[in-house]
Structures are given as C-alpha cells and as structure tokens.
Amino acid sequence: MEKRSICAFIVGAACVSSGAIAETEGKWYLNPAIGYQVFDHSQDLDEEATALFGIEKELNNDWGLELRAIYSDADNYRGNPAGDAEVASAGLDVLRYFKTPGSKVTPYMAFGMAHAQADYEGIHNDVYTQLNVGGGVRYALSESWSLRGDARMLYGTDNETRNGVVSLGVSYAFGGTKTAAPVAAPMDSDGDGVVDSADRCPNTPAGVVVGSDGCPLDSDGDGVADYKDKCPGTPAGVSVDSNGCELKLTTTESLKVEVNFDFDSAVIKPTFKPELQRVADFLNKHGNVKAVIEGHADSTGGEGYNQGLSQRRADAVRNALINDFGIAPNRLSAVGYGESRPIASNATAEGRAKNRRVVTVKESK
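Our subject in this report is the structure included herewith. This one's a predicted model, so the numbers in the text were calculated from it and none came from an experiment. (Residues numbered from 1 in each chain as written. Predicted model: local features only at pLDDT ≥ 70, side-chain atom pairs only at ≥ 80, totals over all residues. Heavy atoms only, no water.)

This part takes up the overall build of the chain. Scanning the chain from terminus to terminus reveals 4 helices and 12 strands. Considering the chain as a whole, with its 365 residues, one finds that 39% of them fall into the buried category. A fraction of 57% describes how many contacts in the chain between residues 6 or more apart in sequence connect residues 24 or more apart. In the structure as shown, the chain presents an accessible area of about 19,800 Å², 58% of it carried by carbon and sulfur atoms. (Helix = DSSP H or I, 4+ residues; strand = E, 2+ residues; numbered from the N terminus. Buried < 20%, exposed > 50% of the residue type's maximum accessible area, 1.4 Å probe, protein only. Contact = heavy atoms within 4.5 Å. Areas by Shrake-Rupley, 256 points an atom, 1.4 Å probe, with all protein chains shown as cover.)

Let us look at the sheet that holds strand β5 (residues 105–120). If you walk around this closed barrel you meet the 8 strands as β1-β2-β3-β4-β5-β6-β7-β8, and the pairing is antiparallel. Across the sheet, the mean angle from the axis of one strand to that of its neighbour is 25°, orientation sign disregarded. (Pairing = 2+ DSSP bridges. Axes fitted to C-alpha atoms, helices over the stretch in contact; angles between N-to-C directions.)

Looking now at the pairing of strand β10 (residues 289–295). With 6 of 7 residues buried, β10 lies mostly within the body of the structure. In the sheet, β10 pairs with strand β11 (residues 332–336) via 5 bridges, with the strands oriented parallel. Bridged to V292 within β11 is S333. Once the chain exits β10 it traverses helix α3 (residues 303–323) before rejoining the sheet at β11, and the crossover so formed is right-handed. (Right-handed = clockwise from strand over helix to strand, strands pointing away.)

Residues in a regular strand point their side chains to alternate faces of the sheet. Note that strand β4 (residues 85–97) and β5 share 12 bridges and pair antiparallel. Pairing of Y97 across the sheet is with Y108, part of β5. Sheet analysis places β5 next to strand β6 (residues 124–140), joined by 16 bridges and oriented antiparallel. Residue pairing across strands places Q117 opposite V127, the latter belonging to β6.

Our focus in this paragraph is a negative patch on the surface. Residues D46, E47, D73, D75, E86 and E121 make up a contiguous surface patch of negative charge. Position of E86 relative to the elements: it lies in strand β4. (Patch = residues over 30% accessible without salt bridge, like charges linked within 9 Å, V, L, I, M, F, W, Y side chains within 5 Å. Salt bridge = Lys/Arg side-chain N within 4 Å of Asp/Glu carboxyl O. Lys, Arg positive; Asp, Glu negative; His and termini not counted. Charge placed at Lys NZ, Arg CZ, Asp CG, Glu CD.)

With that out of the way, let us pick up the state of the cysteines. A complete count under the given rule lists 1 disulfide for this structure. One disulfide in the model links C201 with C215; its S-S distance is 1.9 Å. Because the torsion about its S-S bond is 80°, the bridge between C201 and C215 counts as right-handed. Taken together, the residues span a long stretch of sequence, with C201 in the loop between β8 (162–174) and β9 (253–260) and C215 in the loop between β8 and β9 at a distance of 14 residues. Of the residues examined, C201 reaches a relative accessible area of 23% and is grouped as partly exposed. (Disulfide = S-S within 2.5 Å.)

We now examine α3. Taking 1.5 Å of rise per residue, the 21 residues of α3 would be expected to cover 30 Å, and the 30 Å separating its terminal C-alpha atoms lies within 8% of that figure. By the burial criterion, the buried members of α3 are N306, L309, S310, R313, A314, A316, V317, A320, L321 and I322. (Expected span 1.5 Å × (residues − 1).)

With that settled, consider the environment of H124. Along the chain, H124 falls in strand β6. With a relative accessible area of 43%, H124 lands in the partly exposed category. Through-space distance from the C-alpha of H124 to that of A85 is 9.6 Å; in sequence the pair is 39 residues apart. When neighbours within four sequence positions are excluded, H124 is seen to be in contact with A118 and D119.

In this section: the pattern of salt bridges. Per the counting criterion, the structure on display carries 16 salt bridges. With a shortest N-O distance of 3.6 Å, D150 and R68 are connected by a salt bridge. On the criterion of sequence distance, the pair formed by D150 in strand β7 (residues 145–156) and R68 in strand β3 (residues 63–74) is long-range, its members being 82 residues apart. Look at D150 and you get buried, because its relative accessible area is 7%.

Residues I268, L276, L283, V317, L321 and L332 are the most contacted members of the largest nonpolar core, which totals 23 residues. Broken down by element, this core gets its largest block of residues, 6 residues, from α3. Core analysis: the second largest hydrophobic core is formed by 9 residues, A85, V87, Y120 and Y128 among them. (Core = buried A, V, L, I, M, F, W, Y, C linked by side-chain atoms within 4.5 Å.)

Direction vectors running N to C along helix α2 (residues 273–285) and α3 enclose 65°, while the axes themselves pass 10 Å from each other. Read as a crossing pair, α2 and α3 show a hand that is right-handed. Between α2 and α3, the residues in contact are L276, V279 and A280 and V317, A320 and L321, respectively. Of the residues in the contact of α2 with α3, the class split is 6 nonpolar, no polar and no charged. (Left-handed = near helix turned anticlockwise from the far one by under 90°. Nonpolar A, V, L, I, M, F, W, Y, C, P; charged D, E, K, R; others polar.)

Printed below as a string of structure tokens:
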C-alpha cells in the first residue's frame, strides 16, 4: 500500500470528524466481532474464521467513523503448509446511519480504506491497499450494549483481489452527550388554545373566545355563551331565553302566597317570611314583571273598617318586599279589597281566617 494515500485518507476523515464533533458530540463504541472471510482464488487460501475489532465514533445522528482491524489465519486451499498465511488489515471506515426515532434497529452503510498484508509463513509478504464497501445493522439491547451484524466486500487495489467478510459482534457504547427525546405537543383537538386534558368544553366551534377552562366566555353570566348571546349585559339573576334575552311574561297570573293575618291585625307573622322570599325571588328573576299586592279581610266589623284593614295588610306586604328583600318600589303596588272577595264562608272561624289574606298578582310591563 502507498503510505501517502492512506495518510491523505485518514487526515481528510479526521478533518470531517473535527467539524462534526464541534456540532454534535456522539457516542463511542467498542466493536469486537467474529466472522467468516472468503478469499480471492489468486491468494490460494481456504475460507476462514475471522476476528474483527473496531473503535467507532458517532459524529452525529447520520455519520460516524470507525478504526477497524481484521485478522484471519488461513490455510492453503491445496493443503500445502507453506502456502498458509496470516492475513491482517487495519484501516478507517466511514459509516452512514439510518436512524428512526424510538427504534432499537439502526441500519448503516459503510465504506473505507485499509492497509492489508498477507504473510505466507514467512516466505513472502503480500502488502496492498484494500478498499471496502458494505453495510450492516445494529440492534440495541440497552443504552450501552447492542448487537451488530456486518457484511463487506474487500478489494485489493494493488493485487486486484476480491475478498468478502461477514461478521456478528457486540458493541459497547460510552460517552456522548444525551439529548432529550422530543416531546409530543399536547393535543388541542378543537384548536381553542386549551389542551384537551384541561378542556372542560371540547369541540368548541372555531374562532370562539374561550376561558382558561376551554369553555366559551359568558360575560353577563346568564348561562348563554357570548357568541350565542344576542342580548349581552343582561342583569344578574334575570331569566333569559336560548338567545340570552330576558324572558317576557305576557300573561297576568296569581302567585299562591300563604300570608294570613290574625283577627283585626296587619302584622306579618315571622312564619310567612319564606313566602315573601319566594315572591322576591320570582321578581328578581323576571325583571320585566310588576306586581299588584291585594289585601283582603273577613266580614267581621264594618265594611269601611274592613276596607282600610285590607289596605294596611297589602301595604305591610309591599313594604316588607321593598325594605327586607330589595324590590324596587316602582314595581309594586298595593290595593285593599276589604271583605268584597272572600274565598271561604265568613260563617265559620276557619273560613274567616282564610279570608284574612294577601294575594300577590304578577303582570308584565
């Protein structure tokens, strides 16, 4: 082999190595292997078991370099001991990896140049330059250990020999700079900017503004999302329809309000506070409703007196709704009907108790 050509090859490869290492620090591998070598017929040697050893440097994700030595102790194929030979070579190979993220299998292609020598039992030496081309596959067993199968064609440039070698070995990896595995971006199926794991409202329509929980905004809190709300700014607590607009009552109805009074009294007893709360809740929910509070009396006493008593009872309920429950005064009116509208017979004590009452009537604006 011409030493100048080998030196030029090694120096050139070293320059590539320096540049690549500056970008990516890869692993080192020790690659012992055993194989089988077939010799060119001109060398008069039998096929023979072969020992191989390599030191490999992974330059980056795609490329590597390997210093590799091969040794065979081959017999003369005619059985002539004088024709036996020790065949050895040492050289530098370039490796092209084909990695798949997450896979244990890494195929590679290889080519290189070596100094080779066949020593025929000391009778004479055949020294020549040897080129090689081939490839193989590495299978990872762990972070440090792997199996490697390799096949090469070996060409002697000086003696025009064509040999072949296949091998199987182990690789021990060390060094290198670990890089974090790429992390898959969290899924956001509806594209609203909130990942699926935190999205309480999946499948939000495209373009809808959402909160941190992935649900469409509802600025006025009426239960209808802003993008559907045709009446934004609805007062809190007001009942709305599917468009977010205040429900309008178009009928006049009586609320069943169980507020009864003692004889000749306009004082609301504490037990009837829940009834007044029910009226207040309804009025707060329906902001368009006004209410007429009707007071009534039994027939005991004079008609004029009973008229005033029923008015005082109606006023008492109206004032309680205003003062105790915050209903706007302009939404309430009070009317006393005296004894003119009984709901039970005034001939019995039970009937008269029922007639001493207040009824709230609701009506729309």
